[in-house]
Protein chains: 2
Amino acid sequence: MGELRNDRLLRALLREPVDRTPVWIMRQAGRYLPEYRETRQRAGSFLTLCSTPELACEVTLQPLARFPLDAAILFSDILTVPAAMGMELKFTEGEGPSFPGPLRSAADVEGLGSPDPEVELRYVMDAVRLVRRELDGAVPLIGFAGSPWTLATYMIEGGSSSHYRFTKGMMFAEPRLMHRLLERLADSVCAYLNAQIRAGAQAVMLFDTWGGLLGARDYEDFSLQYMTRIVAGLERRADERQVPVTLFTKGGGAWLEQMADSGCDAVGIDWTVDMGDARRRIGHKVAIQGNLDPCALYAPPERIREEVAGVLAGYGMGSGHVFNLGHGIQPFVDPAQLAVLVDAVHALSEPYHQ
Amino acid sequence: MGELRNDRLLRALLREPVDRTPVWIMRQAGRYLPEYRETRQRAGSFLTLCSTPELACEVTLQPLARFPLDAAILFSDILTVPAAMGMELKFTEGEGPSFPGPLRSAADVEGLGSPDPEVELRYVMDAVRLVRRELDGAVPLIGFAGSPWTLATYMIEGGSSSHYRFTKGMMFAEPRLMHRLLERLADSVCAYLNAQIRAGAQAVMLFDTWGGLLGARDYEDFSLQYMTRIVAGLERRADERQVPVTLFTKGGGAWLEQMADSGCDAVGIDWTVDMGDARRRIGHKVAIQGNLDPCALYAPPERIREEVAGVLAGYGMGSGHVFNLGHGIQPFVDPAQLAVLVDAVHALSEPYHQ
């Protein structure tokens, strides 16, 4: 494995000095890229794309060929874990993921398997190994998983939802059963991330897409508690370097202090949080990832640069900031607009690292 | 018009002493009630239900026949205003509202009309007058409108959206055009609410369902600014009483202080905000409405009572709290569960008003 030539991301996540603010983009390997759409079509289905290491590797590397990004993130889907636990997973064109047999009872929860990541999720580990070999030390590779709460919402609703009736119903009416499910998910996610680290992931991230649906106390009980357990169980060294872990709760702006206390190295924030406020609240405890509004990429180039400048100024001096959008890049964005953003981050961030 | 026999709501919104905490429920006239579904079916379409004063009055009163609620809220839809400005509005079964001709250009915005509420929205005013007559002073009637930002999202996207690509695109790429649209909407909404007050609404509320999609600065510029203008333009006296105004931004927990500074009488909060924190932040400036998780109504009765007790204790002693859910009641809720909630609010809130 080649020496890591660009370690800005890892250094910033650990608040070590950097020359410029590193930048990567959530969903940087995705539908806004014509080459992604081409590979996706060749794969035939989204599941084939995720589960074929060569194809997953190909799309993981695509954005790096276009933009001077400071990290690769494994192309995969958070629902690989419930699928490996035995749930049938379908992706219907235009409708997103679904589980035709959603979890509703104690028997459903007890029937879930405890996957061995090197067996049931071997294709993910093979993709990680392949990407690391292809990257050959150019930039670090980020591994990831969904948070237990977020995975539970899909498993209980059977797909995306607007009411979260069954998930919240289980939480309010059968809290013990919900905790049992979340414990099982925390165990599986922890094993999954550790396997990604052993396979070569140099940083890991937990995506808590739906933690923001919870009330303040419920967020701590049903989402953060289980992310904290996972963080505590991670094997956070590889290649004689620390493997930083980032927590991202979309809509979690109210709970930054609690997230920063979880043992993680960095907290991801969405665009509804003011970056300056976030840094004042988090202080030097952990790094911060974020947080430009993904829709700022619909603005003219000069406005994109202004918005980037605003986020950089919000964080202010010193290391500990990983530039990103506040949520995934949208499928309709012109890739040329992302080039403007990436260049602006590198060009405008130098003064903050002197 | 009969004397108002239960004025708890109006008193609590103005932080005047009350015997118990008043309670009403967002979407209390709605699909969870079998009698609503019956009237809705008889009407044939959702638009007919909204635009026929007798039917709108009938469903407005239905929840009051079942539960000892402290207010009626007019049955209507926030999209009546864009429709009155000339946009064709459709409600498709199971898909929600849509505007087949969404706003995308300056010409589209300039082409909008400036409706006279007693002409183009006469059916709403007739419904207000009818409901007031039927209520005969039992409880106050709340009128409402959508916030300019929230209406703009529907008008620009052409319906519900998951990306808000066009709305945010206009905001970032053509901010002046967006401000022009929001100004026109603010004028129309202000005239609409004043007409509701003249027709008999005894309190009014602005629903900013999508303000929470905005970054901190953008929320002030594109949503709160226009709600503040509307508040300043309201004729806030009727029947020799003050007409209190409530602002509710879903996902607006970060901006409670700014909302409280808008000139409103009360701020509505969703369930992601801790009620105790909200009161500490808002202090005695304005009243607070909220904020139980709507999904708590899926819990057993004893748990519902515990959750109600928690919200009441969070607000603490004294007037200034209007109990509500943190968002609309869900269509799947058993009405018997709502009865438990309403009774619990009245029974458990007495000690906070001694």
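Shown above is the structure to which this text applies.
Attention here is on the structure that accompanies the text. Every value quoted in this text rests on a predicted model; they were computed, and no experiment measured them.

1. Some words on the overall build of chain A
When helices and strands are counted, chain A shows 15 helices and 11 strands. A compact globule built from 354 residues would reach a C-alpha radius of gyration of about 20 Å, and chain A, at 19 Å, matches this within 12%. The C-alpha extent of chain A, read off along each of the three principal axes, is 60 × 45 × 40 Å. The 354 residues of chain A split such that 61% are buried. Within chain A, residue pairs in contact and separated by at least 24 positions form 72% of the contacts whose partners lie at least 6 positions apart. When the accessible surface of chain A is totalled, it reaches about 13,000 Å², and 49% of it is carbon and sulfur. Of the side chains in chain A, 35 bear a positive and 45 a negative charge, and the two mean positions are spaced by 1 Å.

2. Points about the packing of aromatic side chains
All names here are of chain B. Within this structure, the stated rule accounts for 14 aromatic pairs over all chains. Seen from their ring centres, Y164 and W210 are 5.7 Å apart, and the 50° between their planes marks the pair as tilted. Placement of the pair is Y164 in the loop between helix 8 (148–157) and helix 9 (165–173) and W210 in the loop between strand 5 (203–208) and helix 11 (216–233), with a sequence separation of 46 residues. For Y164, a relative accessible area of 8% gives the class buried.

3. So, the relation of the copies chain B and chain A
Superposition of chain B onto chain A requires a rotation of 180° combined with a translation of 0.0 Å along the rotation axis, giving an RMSD of 0.0 Å. Both chain copies can therefore be described as sitting about a two-fold axis. Identified as the residue of chain B closest to the rotation axis by C-alpha distance is A254 of chain B, at 3.6 Å. Mapped onto chain A, 100% of the interface residues of chain B again fall at the interface, so both copies present the same surface.

4. Thoughts on the interface of chain B and chain A
Listed as interface residues are 30 residues of chain B and, on the opposing side, 30 residues of chain A. For the pair chain B and chain A, the summed buried surface comes to about 2,400 Å²; carbon and sulfur atoms form 58% of the total. Sorting the residues of chain B by area buried against chain A places H163, R165 and F172 of chain B first, and these three jointly supply 26% of that buried surface. Connecting chain B to chain A are 4 salt bridges. Where chain B meets chain A, there are 10 residue pairs in polar contact (both at pLDDT 80 or more).

5. Description of the sheet that holds strand 10 (residues 287–292) of chain A
Residue and element names in this part refer to chain A. With parallel pairing, 7 strands are arranged side by side in an open sheet as 1-4-5-8-9-10-11. Of all strands in the sheet, those with a lone pairing partner are strand 1 (72–73) and strand 11 (321–325), marking the two edges. With 2 bridges joining them, strand 1 and strand 4 (residues 141–146) adopt parallel strand pairing. Residue pairing in the sheet places I73 in a bridge with I142 of strand 4. Contacting strand 5 (203–208) and strand 8 (245–249), helix 11 (residues 216–233) runs over the sheet at an angle of about 165° to strand 8. Strands strand 9 (266–268), strand 10 and strand 11 of the sheet are contacted by helix 13 (residues 275–282), whose axis makes an angle of about 165° with strand 10.

6. Regarding unusual backbone geometry
Residues and elements named next belong to chain A. Geometrically, the link from G290 to N291 is a cis peptide bond, its omega value of -5° lying close to zero. In this fold, N291 is placed in strand 10. The phi dihedral of R27 is positive, around 65°, even though this residue is not glycine. Positionally, R27 belongs in the loop between helix 1 (8–13) and helix 2 (34–43). Take R27: its relative accessible area is 61%, and that puts it in the exposed class.

7. Let's talk about the environment of A266 of chain B
Residues and elements named next belong to chain B. Of note, A266 is situated in strand 9 (residues 266–268). Counting along the chain gives 139 residues from A266 to A127, while the straight-line C-alpha distance between them is 25 Å. Residue contacts for A266: discarding those within four places in its chain leaves L13, V245, T246, L247, V286 and A287.

8. Overview of the pairing of strand 4 (residues 141–146) of chain B
For strand 4 of chain B, the tally of buried residues reaches 6 of 6 residues, placing the bulk of the element in the interior. Burial of strand 4 of chain B is two-sided: the residues L141, G143 and A145 of chain B facing one way and the residues I142, F144 and G146 of chain B facing the other way are all buried.

9. Some points on the pairing of strand 8 of chain A
All names here are of chain A. Of all 5 residues in strand 8, 5 are buried, a share of seventy percent or more. In strand 8, alternate side chains face the same way, and those of V245, L247 and T249 on one face and T246 and F248 on the other are all buried. Judged from the 5 bridges that link them, strand 5 and strand 8 form a sheet pairing that is parallel. Residue pairing across strands places V204 opposite V245, the latter belonging to strand 8. Strand direction decides the pairing type here: strand 8 and strand 9, joined by 3 bridges, are parallel. Bridge pairing links F248 to G268 in strand 9.

10. Notes on the sheet that holds strand 4 of chain B
All names here are of chain B. Sheet architecture is open: 7 strands sit in the order 1-4-5-8-9-10-11, paired in parallel fashion. Taken across any chain shown, the strands that pair with only one partner, and hence form the sheet edges, are strand 1 (72–73) and strand 11 (321–325). Relative to strand 11, strand 10 (residues 287–292) runs parallel, the two being bridged by 5 bridges. Across the sheet, the residue bridging to I288 is H321, located in strand 11. Those strands touched by helix 10 (residues 175–199) are strand 4 and strand 5, and its axis lies near 170° from that of strand 4.

Here is what the cut-offs are and how they apply
Along each chain, numbering runs from 1 in the same order as the chain's sequence is written. Here the convention is simple: chains get letters from A, ligands get numbers from 1, in the order in which they are written. Under the rules for a predicted model, residues below a pLDDT of 70 receive no local features and side-chain atom pairs below 80 are neither given nor counted, while totals for whole chains, interfaces and linings still include all residues. With hydrogens and water set aside, each side-chain value is computed from the structure's full complement of heavy atoms. Runs of E in the DSSP output that reach at least two residues are strands. Runs of H or I that reach at least four are helices, and both are numbered from the N terminus. Here the globule rule reads 2.2 Å times residues to the power 0.38, and the radius of gyration is calculated from C-alpha atoms. Only protein chains enter the calculation, and the probe is 1.4 Å; a residue is then buried if its accessible area is under 20% of its type maximum, exposed if over 50%, and partly exposed in between. Two residues form a contact once any of their heavy atoms are found within 4.5 Å. In this description, accessible areas are obtained by the Shrake-Rupley approach with a 1.4 Å probe, and a residue is regarded as covered only by the protein chains that are shown. Neither His nor the chain ends is counted toward charge; the positive residues are Lys and Arg and the negative residues Asp and Glu. Taken as the charge location is NZ of Lys, CZ of Arg, CG of Asp or CD of Glu. Pairing of aromatic side chains requires ring centres within 6.5 Å, counting the rings of Phe and Tyr and the six-membered ring of Trp. Pairs whose planes differ by under 30 degrees are stacked, by over 60 edge-to-face, and all others tilted. For the least-squares superposition of copies, only C-alpha atoms count, and only for residues with pLDDT at least 70 in both. Note on terms: buried area is the combined drop in 1.4 Å-probe accessible area of two parts once they are placed together, counting the loss on both. Definition used for salt bridges: Asp or Glu carboxyl oxygen within 4 Å of a side-chain nitrogen of Lys or Arg. For this analysis, a polar contact is any N or O atom pair within 3.5 Å, provided that within protein one partner can donate a hydrogen and the other can accept it, and provided that sequence-adjacent residues contribute only side-chain to side-chain pairs. We call two strands paired when DSSP finds no fewer than two bridges between them. Orientation is described by lines fitted to C-alpha atoms, with helices fitted over the stretch in contact, and by angles between N-to-C directions that extend from 0 to 180 degrees.

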